[in-house]
Amino acid sequence: MADIDIQNLCKYYRVHQKEPGLAGSIRSFVARRYKDVKAVDDVSFTIARGEVVGFLGPNGAGKTTTLKVLSGLLFPTAGEARVLGFLPHKRGTDFLRQITLVMGQKQQLLWDLPAIETFLVNQAIYEIPATAYRQTLAELNELLDLGPLLKKQVRKLSLGERMKCELAAALLHRPRVLFLDEPTIGLDVTMQTKMRQFIAEYNRRHGATIVLTSHYMADVTALCKRVIIIDHGRLLYDGNLETLAQRLAPYKIVSIVARAPLTRDQLLRYGDVQEVDTFRAQMRVPRGHSSEVIARLLQEIAVDDVTVEEPPIEDIISEIFLAGGVSS
Amino acid sequence: MRYLKLIQIFYKNCLLVDLEYRANFLINSVMSVFWASFAILGIKILFLQRDHIGDWSYYEVLLVIGLFQLFTGVMEGVLRPNVTQIVEQIRLGTMDFLLTKPVSSQFLASMRYVRVWHLVDVAVGVGICGYALYRLQVQVSVWQALLFLLLLCSATVLLYSLWLLMVTTAFWFVRIDNITHLFSAIFDAGRFPVTIYPGWVQGVLLFVIPVGFITTVPAAAALGRLSLGYAVLSFVMAAVMFVASYFFWRFAVRHYSSASS
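Draft legend 1. Summary view of the overall build of chain A. Helix and strand counts for chain A come out as 12 helices and 13 strands. Across its three principal directions, the C-alpha atoms of chain A cover 70 × 55 × 45 Å. Looking at chain A as a whole, 49% of its 328 residues are labelled buried. When the accessible area of chain A is evaluated, it comes to approximately 15,400 Å², of which 51% is carbon and sulfur surface. With 41 positive and 38 negative side-chain charges, chain A shows a separation of 6 Å between the mean positions of the two kinds.

In structure tokens:
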């Protein structure tokens, strides 16, 4: 049975509209006009036990709203969401005990106290027996290297250290379903990598179902075989990550810094030139041929520096958005 | 059981934090004594002119002032810190964490914080009450003492429910400073026995914003001049308000759409 099952889910918000300027403010103070915003609009998907699914979309696409519906914070306007067989919005104790919500931009740790105090609060809230608590904490300690962090006041921790403690606090009760909303936001690259490794390892050890949203392509490529892309509340793509990248971004981005000034014509035979700025240039090179193209380029042009990158997730997604979805 | 354990942990947390700010203890003690003295001075001046206000003598009024100080301590120490936090959590969206915990969100939100040093007010209030009762030389029967204590409990429940009803509106308005200031101003009326006010004000202070049940009614019980009707009404009032605050909270949570990230 699927751990998460969403059928024709809709969530609309009523927001009041304000016209610009003081006159507009006064008008909206007296008589507010409302408009329905379709944050999630007729979305359906299922996620099996133990799956790690990446949830992608630009800001305001409806990712967070979907996660909030799944974790019971929001009532669906229409359609149905089931998690572990429960209706999340009922917020039943048995349901809440088995899930967890981590939000990269919000924290649950007590600001003025060491993280361990929050852990003890959560131990009491989830009624975790002492032995299980010690065991879980030891394991999280091993995976996240919490050691000295636990006894420091949270406000004295760096963002990365705090995020580690946030994750640990959210996992003490060994949830079966994890909702991670931009868990790596604001972290430096090393810390992002550590977080990914931890999430992957946690999934491997405990077979937990994980739904993850992120703006970072690397988070998603490192963790998820499957991605779900939404924009303006509508589902645009649901499927394998590799086919998505190959189909929609069948190229890599090659940037060069040359010793002599470059011209657009000179580069056309290597790939689709995006930008030329005297010594610098950027072009799109077909995915399968990037290494041979670069080899040729290095032979033919005196180059100081070459970088090969995956196209940014925003680009891939915006291409999907331009196409208005992916025919599967 | 679990809730008692949680309160114990929460209050320990808060004590740990408050112990870091020793100066606050001093400031709160000074402030508490200052305000109590100020209130006592006020009625001293009144009683220079006459020996009764309404049908309350000096020490009887002092008892009401003591209770007012006590409940001010409860309000500032136990209720207001949570209100401040609830407003913050709604504004920042961290209320999400409370709502995804398998414990009553109302409990988590409203009992989470305590400002330990404000309990000085409670101590000062108890002191004033004790002194007033001692000077009055009232013979308190066991039954009266019990009723007094029960009325104190119901007053606490009532005060809690009023605050919760008020703070729950933050789910819609987000900023509710004005409402809490208004309430504090009205609560100030409880400094004196409600019977000294004109009839319609009494009505308001008993049945619209039932401040009278918090200070005057328990004081009257201790003095043995409370009719049973008012005692029963006091419990009914507390129960009704508590139930109302519970359902209003649930209603608000249902409509909560947290600040988007």
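Draft legend 2. Helix 12 (residues 228–254) of chain B, seen in detail. For helix 12 of chain B, which comprises 27 residues, the first-to-last C-alpha distance of 39 Å matches the rise-based estimate of 39 Å (1.5 Å per residue) to within 8%. For helix 12 of chain B, the set of buried residues is Ala231(B), Ser234(B), Met237(B), Ala238(B), Met241(B), Ser245(B), Trp249(B), Ala252(B) and Val253(B).

Draft legend 3. Fine view of the sheet that holds strand 1 (residues 4–17) of chain A. Residue and element names in this part refer to chain A. Pairing is antiparallel in the open sheet, where 3 strands are placed in the order 2-1-4. Every other strand in the sheet has two partners, leaving strand 2 (33–47) and strand 4 (78–83) as the edge strands with one partner each. Across the sheet, the axes of successive neighbouring strands diverge by a mean angle of 35°, strand direction being ignored. Pairing between strand 1 and strand 4: 5 bridges, direction antiparallel. Across the sheet, residue Cys10 finds its bridge partner in strand 4, namely Ala78. Set on the sheet, helix 2 (residues 63–70) makes contact with strand 1, strand 2 and strand 4; between it and strand 1 the angle comes to about 120°.

Draft legend 4. Local environment of the interface of chain A and chain B. Taken together, the contact pairs 32 residues of chain A with 33 residues of chain B. Buried area between chain A and chain B, summed over both chains or domains, comes out near 2,700 Å², and the portion from carbon and sulfur atoms is 61%. Interface area lost by chain A to chain B is led by Leu73(A), Lys106(A) and Ile125(A), which between them contribute 21%. Put simply, chain A and chain B have 4 salt bridges between them. Across the salt bridge formed by Asp96(B) and Lys68(A), the nearest N and O atoms sit 3.7 Å from each other. The interface formed by chain A and chain B holds 6 residue pairs in polar contact (both at pLDDT 80 or more) in total. Elements with a minimum of two residues in the side of chain A that touches chain B: helix 2, helix 3 (93–96), strand 5 (99–103) and helix 4 (115–125) of chain A. Class assignment for the residues of the side of chain A that touches chain B results in 14 nonpolar, 8 polar and 10 charged.

Criteria and thresholds
Residues numbered from 1 in each chain as written. Chains lettered and ligands numbered in written order. Predicted model: local features only at pLDDT ≥ 70, side-chain atom pairs only at ≥ 80, totals over all residues. Heavy atoms only, no water. Helix = DSSP H or I, 4+ residues; strand = E, 2+ residues; numbered from the N terminus. Buried < 20%, exposed > 50% of the residue type's maximum accessible area, 1.4 Å probe, protein only. Areas by Shrake-Rupley, 256 points an atom, 1.4 Å probe, with all protein chains shown as cover. Lys, Arg positive; Asp, Glu negative; His and termini not counted. Charge placed at Lys NZ, Arg CZ, Asp CG, Glu CD. Expected span 1.5 Å × (residues − 1). Pairing = 2+ DSSP bridges. Axes fitted to C-alpha atoms, helices over the stretch in contact; angles between N-to-C directions. Contact = heavy atoms within 4.5 Å. Buried area = accessible area lost by both parts, 1.4 Å probe. Salt bridge = Lys/Arg side-chain N within 4 Å of Asp/Glu carboxyl O. Polar contact = N/O pair within 3.5 Å; in protein donor to acceptor, adjacent residues only side chain to side chain. Nonpolar A, V, L, I, M, F, W, Y, C, P; charged D, E, K, R; others polar.

These values are about where atoms sit, not about what they do.
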